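Each chain, letter by letter, is given below.
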Amino acid sequence: MVMFLFLVVALAVVVAAVTLAVVGGGENGPLPEAAPERLRDPLPPDRPVDRADVEALRFPLAARGYRMADVDDALSRLGAELAERDARIADLESALAGAREASAHGPVRASGENHVSMDKPAPRPEDRP
């Protein structure tokens, strides 16, 4: 019976100490809310994203996985840059197709333009022996 009484008193002391530590908090009051972890190295805003930037991208963990805002921002940025690159590739391909088509029809010269030959020029009379 004495042992049971001792365990009840010891349990009550531990519960009281923990309660005072959590609720009382000393001078500062209760523990402040922890600031959410933010993306440490976001994608660079001053230049296009390259492969190394994407490989180095690490999202901080949140309570249920990753912070959706960080992932959404990164995916939005990558999507915009891929769309810009696709548009640039399409422009370059159409320019290349136009240049190929123009070269297939032969060179086009404006009227009055002199033809310049890439052949070796004929010797001038003063250069002849």
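Everything below is about the structure shown above.
Here the structure is a predicted model, which means the values were calculated and not measured.

Draft legend 1. Spatial organisation of the overall build of the protein chain. For the protein chain, the count of helices and strands is 3 helices and 2 strands. Listing every helix and strand of the protein chain by position from the N terminus yields α-α-β-β-α. The proportion of buried residues among the 129 residues of the protein chain is 8%. The contacts of the protein chain with a sequence gap of at least 6 include a subset with a gap of at least 24, amounting to 49%. Accessible surface, the protein chain: about 11,900 Å² in total, of which carbon and sulfur atoms supply 63%.

Draft legend 2. Focus on the packing of aromatic side chains. Counted under the stated rule, the structure contains 1 aromatic pair. Plain terms: the ring middles of Phe 59 and Tyr 66 are 6.0 Å apart, the flat faces sit at 65° to each other, and that makes the pair edge-to-face. The class of Tyr 66 is partly exposed, set by a relative accessible area of 48%.

Draft legend 3. Focus on the pattern of salt bridges. Here the structure, examined in full by the defined rule, presents 6 salt bridges. The shortest N-O distance in the salt bridge between Asp 70 and Arg 67 comes to 3.4 Å. A salt bridge links Glu 81 to Arg 85, with the nearest nitrogen and oxygen atoms 3.6 Å apart. You can see Glu 81 and its partner Arg 85 sitting in helix H3 (residues 68–104), 4 residues apart, about one turn around the helix.

Draft legend 4. Representation of H3 in the model. Here H3 contains 37 residues, and its C-alpha end-to-end distance of 53 Å stays within 8% of the 54 Å for a straight helix at 1.5 Å per residue. Taken as a whole, H3 has its buried residues at Asp 70, Ala 74 and Glu 81.

Reading the values: the criteria
- The numbers attached to residues start from 1 for each chain and follow its sequence in the written order.
- Local features in this predicted model are restricted to residues of pLDDT 70 or higher, and side-chain atom pairs are both shown and tallied only at a pLDDT of 80 or more, whereas totals for entire chains, interfaces and linings draw on every residue.
- Side-chain numbers come from the whole structure's heavy atoms, not from hydrogens or water.
- Note on conventions: DSSP H or I runs of at least 4 residues are helices, E runs of at least 2 residues are strands, and numbering of each starts at the N terminus.
- Relative accessibility decides the category of a residue: with a 1.4 Å probe and only protein chains considered, values under 20% of the type maximum give buried, values over 50% give exposed, and everything between is partly exposed.
- Residue contacts are defined here by distance: any two heavy atoms, one from each residue, within 4.5 Å place the two residues in contact.
- In these tables, accessible area is a Shrake-Rupley quantity obtained with a 1.4 Å probe, and a residue counts as shielded only by the protein chains included in the view.
- In this analysis, rings of Phe, Tyr and Trp, with Trp reduced to its six-membered ring, are considered paired at centre separations within 6.5 Å, and the interplanar angle assigns stacked below 30 degrees, edge-to-face beyond 60, and tilted for intermediate values.
- What counts as a salt bridge is simple: a side-chain nitrogen of Lys or Arg found within 4 Å of a carboxyl oxygen of Asp or Glu.
- Helix span, expected: 1.5 Å multiplied by one less than the number of residues in the helix.

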